[in-house]
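# Remarks on the overall topology
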Amino acid sequence: EIDPPAHLDWQPWAEGARALLAAGADAISLAENPLASIRMENFFLAAWLRRETRGQVVCHVTCRDRNSLGLQSSLLAAHAAGVGAVLAVTGDPAQRGGHQRVMSVYEQTSVGLVRLIATLNAGRTSTGRDLRGRTDFSIGVAFNSAAANPAAETEKLRRKRDEGAVFVMTQPVFDRDQAHRVLEQTRLEGVRVFPGFLPPVTRKLAHYLHHEIPGIRLAGPLLQMLDRYEQPEDQQRAALEWTREKIAALAPELEGVYLITPGARWQALLPLLAAAAERPLC
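Quick look at the structure, then. (Residues numbered from 1 in each chain as written. Predicted model: local features only at pLDDT ≥ 70, side-chain atom pairs only at ≥ 80, totals over all residues. Heavy atoms only, no water.)

### Notes on the packing of helix H1 (residues 11-22) against helix H2 (residues 42-53)
Selection criterion: Note on method: axes are straight lines fitted to C-alpha atoms, helices fitted across the in-contact stretch only, with angles between N-to-C directions ranging 0 to 180 degrees. Each helix corresponds to a stretch of at least 4 residues labelled H or I by DSSP, and each strand to a stretch of at least 2 residues labelled E; elements are numbered beginning at the N terminus. Our angle categories are set so that under 35 degrees counts as roughly parallel, over 145 as roughly antiparallel, 65 to 115 as roughly perpendicular, and the remainder as oblique. Here is the rule for handedness: rotate from the far helix to the near one, and if that takes an anticlockwise turn smaller than a right angle the crossing is left-handed, while a clockwise turn gives right-handed. In what follows, a contact means two residues having at least one pair of non-hydrogen atoms within 4.5 Å. Gly falls in the polar group here, along with every residue not listed as nonpolar (Ala, Val, Leu, Ile, Met, Phe, Trp, Tyr, Cys, Pro) or charged (Asp, Glu, Lys, Arg).
For the pair H1 and H2, the least separation of the axes is 11 Å and the interaxial angle reads 50°. With respect to H2, the element H1 is oriented oblique. Between H1 and H2 lies a crossing of right-handed hand. Of the residues in H2, those in contact with Trp 13, Ala 14, Ala 17, Arg 18 and Leu 21 of H1 are Leu 45, Trp 48, Leu 49, Glu 52 and Thr 53. Residues belonging to the contact of H1 with H2 are distributed by class as follows: 7 nonpolar, 1 polar and 2 charged.

Here it is in structure tokens:
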């Protein structure tokens, strides 16, 4: 995952996306205004990436930003642009990004959004109008790896599966025990699971993720280890090695992994992709 830029200078993003694909990533995941921060429209970037590299893209689609009319219009355009996979998510409230006067839409739930996309895949709109064809989206959903009620989160995932979801991308996991719990909670027939791994490459980032971002909890030993290092380069090296070790230990149980760029530092993922190339999953 490499987030769309928050400004008009999108060439560094393009450089990063190209480099990650060249290093062995199977697809680039593009969030839609993550944490309710204004970002460049992900379907535009996906269309560019497909045209220029033929690389695969997973576009996040939120319930927050569009009503059903806008969602269907955008998804039809995404299909025409060659986007083959979408991640149906709720989206953080607009106020999370400091937009106090912005109304979050939330006409759909994430379960309803999966149903809506599946309807387009069946060749009709939500009102039953024939599309003269059908979209062909692989439908993905998110899973909160730090949910307060894991049983409810698993039941929600089951409902999403029943509506048409075929893959899951989880919130980041930071230790082996947590990863095992998430794999057990998401073990459903017909759904492929990609646990999320986000290397916290600085001590500051690690504490921010742990204390400020809903759904993310770092392992105590990881935080303690990063606190021991003063130099940023030592913190990054330690975080990458921690993440690499966790992926390697879990490799026999994984069908794939979801690597999340820490901030704009896409270069940090290159060593993890290199390690995956040496020891392929599946």
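On we go from here.
### A few points about the pairing of strand E6 (residues 192-197)
Formally: Three labels apply to residues, based on accessible area from a 1.4 Å probe with only protein chains included: buried if under 20% of the type maximum, exposed if over 50%, partly exposed otherwise in between. For two strands to be treated as a pair, DSSP must find no fewer than two bridges joining them.
In terms of burial, E6 is largely enclosed, as 5 of its 6 residues are buried. One ladder, built from 4 bridges, connects strand E5 (residues 167-172) with E6; its direction is parallel. Across the sheet, residue Val 168 finds its bridge partner in E6, namely Val 193. As judged from the 2 bridges shared by E6 and strand E7 (residues 258-259), these two strands associate in the parallel manner. The residue of E7 that forms the bridge with Phe 197 is Leu 259.

### Observations concerning the pattern of salt bridges
The criterion, for reference: We define a salt bridge as a side-chain nitrogen of Lys or Arg found within 4 Å of a carboxyl oxygen belonging to Asp or Glu.
Per the stated rule, a full pass over the model turns up 12 salt bridges. Here Arg 161 makes a salt bridge to Asp 162, at a shortest N to O gap of 2.8 Å. Take Asp 162: its relative accessible area is 55%, and that puts it in the exposed class. Ionic pairing is found between Arg 187 and Glu 184, a salt bridge with its closest N-O pair at 3.3 Å. Classification of Arg 187 by relative accessible area gives exposed; the value is 56%. The network of salt bridges with shared partners includes Arg 18, Arg 51 and Glu 52.

### Side note on the sheet that holds strand E1 (residues 27-30)
Two orientations exist for strands paired in a sheet by backbone hydrogen bonds: parallel and antiparallel. The 7 strands are arranged E1-E2-E3-E4-E5-E6-E7 in an open sheet whose pairing can be described as parallel. The sheet is open, and its two edges are formed by E1 and E7, each paired on a single side. Contacts from helix H4 (residues 110-121) reach strand E2 (56-62), strand E3 (85-89) and strand E4 (138-143), with the element oriented near 150° to E3.

### Some words on unusual backbone geometry
Positive phi, normally seen in glycine, also occurs at Asn 33, with a value near 45°. By secondary structure assignment, the location of Asn 33 is in the loop between E1 and H2.

### With respect to the environment of Arg 115
Looking at the secondary structure, you find Arg 115 in helix H4. Exposure remark for Arg 115: the relative accessible area of 41% places this residue in the partly exposed category. Measuring from C-alpha to C-alpha, the distance between Arg 115 and Arg 161 comes to 9.8 Å, with 46 residues separating the pair along the chain.

### What about the state of the cysteines?
What counts is decided by this rule: Pairs of cysteine sulfur atoms within 2.5 Å are what we label disulfides.
Under the counting rule described, the total for this entry stands at 0 disulfides. Cys 59 forms no disulfide, and the closest cysteine sulfur to it belongs to Cys 63, at a distance of 15 Å. Using a relative accessible area of 0% as the deciding quantity, one classes Cys 63 as buried.

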